[in-house]
Amino acid sequence: MDCLFCKIVIGSIPAEIVKKSDRVTAFKDISPQAPIHVLVIPNQHFENMAKVAEFDLALVGEIFDMASSVAKDFGIDSYRTNINTGESAGQSVFHAHLHLLGGRTFAWPPG
Ligand code: AMP
Ligand code: ZN
């Protein structure tokens, strides 16, 4: 399948991997929007996080668990987690991913 993040999982496209399990991978976003900006993705391809929840609910938990573990590794206990589902919500890569952003303050509501 011609999917950027699937290629990162198998290592055919380079990425700065920060943590990996047999089911989840965390790597640095190529265009960071905060001092810490990590993407947490399922190793298996799903189009978005709703599909992950539909087919493998436990995997959603593993993704969040990986995000909090990465935040802990970076030494932050205040951070933003963000999931864009669909184009109008800002999703541009259609392999499910959670954004972990930290190292600065964030505004609310988001734009
Ligand atoms: P979204 O807009 O929510 O789909 O997020 C996709 C994210 O993937 C964006 O923040 C991009 O900067 C990031 N991204 C795109 N290509 C790469 C890449 N090759 N390595 C790491 N992050 C990437
Ligand atoms: Zn994929």
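Scroll up to find the structure this text is about.
A short tour of the structure in this document, coming up. Since this is a predicted model, take the numbers as computed values, not measurements. Counting starts from 1 at the beginning of each chain's written sequence and moves along it residue by residue. Both sets of labels track the order of writing: A upward for chains, 1 upward for ligands. Reporting in this predicted model follows two pLDDT cut-offs: at least 70 for local features of residues, and 80 or more for side-chain atom pairs to be given and counted; totals over whole chains, interfaces and linings ignore these cut-offs and use all residues. As a rule here, side-chain values come from all non-hydrogen atoms in the structure, and water together with hydrogens is ignored.

**Here's the deal with the overall build of the chain**
Okay, step 1: Helix and strand assignments come from DSSP, with helices taken as H or I runs of at least 4 residues and strands as E runs of at least 2, each series counted from the N terminus. When you go through the chain residue by residue, the secondary structure sums to three helices and five strands.
Okay, step 2: Radius of gyration means the value over C-alpha atoms here, while the globule rule gives 2.2 Å times the residue count to the 0.38 power. In terms of C-alpha radius of gyration, the chain reaches 13 Å, essentially the compact-globule figure of 13 Å for 111 residues.
Okay, step 3: Overall, the C-alpha framework of the chain stretches about 35 × 30 × 25 Å when taken along its three principal axes.
Okay, step 4: Within the chain, the proportion of its 111 residues that are buried is 39%. Categorising residues by exposure relies on relative accessible area from a 1.4 Å probe, with only protein chains included: less than 20% of the type maximum marks a residue as buried, more than 50% marks it as exposed, and the intermediate range marks it as partly exposed.

**Looking at the pairing of strand S3 (residues 36-42)**
The side chains of a regular strand alternate, residue by residue, between the two faces of the sheet.
Okay, step 1: For S3, the tally of buried residues reaches seven of seven residues, placing the bulk of the element in the interior.
Okay, step 2: Of the two faces of S3, both are covered, the one formed by Ile36, Val38, Val40 and Pro42 as well as the one formed by His37, Leu39 and Ile41.
Okay, step 3: Between any two strands, pairing holds if DSSP finds at least two bridges. Sheet topology places S3 next to strand S5 (residues 98-102); five bridges connect them, and they run antiparallel. What sits directly across from Val40, in S5, is Leu98.

**Regarding the coordination of the zinc ion (ligand 2)**
Okay, step 1: Counted as donors are the N, O and S atoms within 2.8 Å of the metal, or 3.2 Å for Na, K and Ca, while water is not among the atoms, so some sites may look incomplete. The coordination sphere of the zinc ion (ligand 2), as far as protein atoms go, consists of Cys3 (SG), Cys6 (SG), His45 (ND1) and His95 (ND1), spread over 2.0 to 2.3 Å.
Okay, step 2: Seen from the zinc ion (ligand 2), its four donor atoms lie at angles of 106 to 116°, and the figure they make is tetrahedral.
Okay, step 3: Taken in sequence order, the residues that donate to the zinc ion (ligand 2) follow the motif C-x2-C-x38-H-x49-H. One end of the pair, Cys3, is in the segment before helix H1 (4-10); the other, His45, is in the loop between S3 and helix H2 (49-55), with 42 residues separating them in the sequence. Only two sets of limits are used to name each site, 85 to 135 degrees for every angle of a tetrahedral four-donor site, and over 155 degrees for opposite donors with all other angles from 65 to 115 for a square planar four-donor or octahedral six-donor site, with any other site named irregular.

**What to know about the side chain of Asn48**
Okay, step 1: Looking at the secondary structure, you find Asn48 in the loop between S3 and H2.
Okay, step 2: Assessed through its relative accessible area of 11%, Asn48 is described here as buried.
Okay, step 3: Should any heavy atoms of two residues lie within 4.5 Å, those residues are counted as being in contact. Leave out the neighbours within four places in its chain, and Asn48 touches Thr85, Gln91 and Ala96.

**A word on helix H3 (residues 57-74)**
Okay, step 1: The length a helix should cover is 1.5 Å for every residue beyond the first. Helix length check: H3 (18 residues) gives 27 Å between terminal C-alpha atoms against 26 Å at 1.5 Å per residue, within 8%.
Okay, step 2: Among the residues making up H3, those that are buried are Leu59, Val60, Ile63, Met66, Ala67, Val70 and Ala71. With its buried residues spanning 135° around the axis, H3 presents them on a single face. Residues of H3 that are exposed and point over 90 degrees away from its buried face: Leu57, Ala58, Asp65 and Lys72.
Okay, step 3: Elements that come into contact with the buried residues of H3 comprise strand S1 (17-20), strand S2 (24-28), S3, H2, strand S4 (79-82) and S5.
Okay, step 4: Gly75 lies just past H3 and shows a positive phi near 80°. Note: the arc covers the axis-to-C-beta directions of the helix.

**A few points about the pattern of salt bridges**
Okay, step 1: Any Lys or Arg side-chain nitrogen found within 4 Å of a carboxyl oxygen on Asp or Glu counts as a salt bridge. One pass over the structure, following the stated rule, counts six salt bridges.
Okay, step 2: Among the ionic pairs, Asp2 bridges to Lys7, the shortest N-O distance being 2.7 Å.
Okay, step 3: For Asp2, a relative accessible area of 71% corresponds to the exposed category.
Okay, step 4: Where Glu54 meets Lys51, a salt bridge forms, and the shortest distance between an N and an O atom there is 3.9 Å. Remark: Lys51 and Glu54 occur in helix H2; sequence separation between them is three residues, near one turn of the helix.
Okay, step 5: On the basis of relative accessibility, which here comes to 31%, the residue Lys51 falls in the partly exposed class.
Okay, step 6: Salt bridges linked by common partners bring Arg23, Asp56 and Glu62 together as one network.

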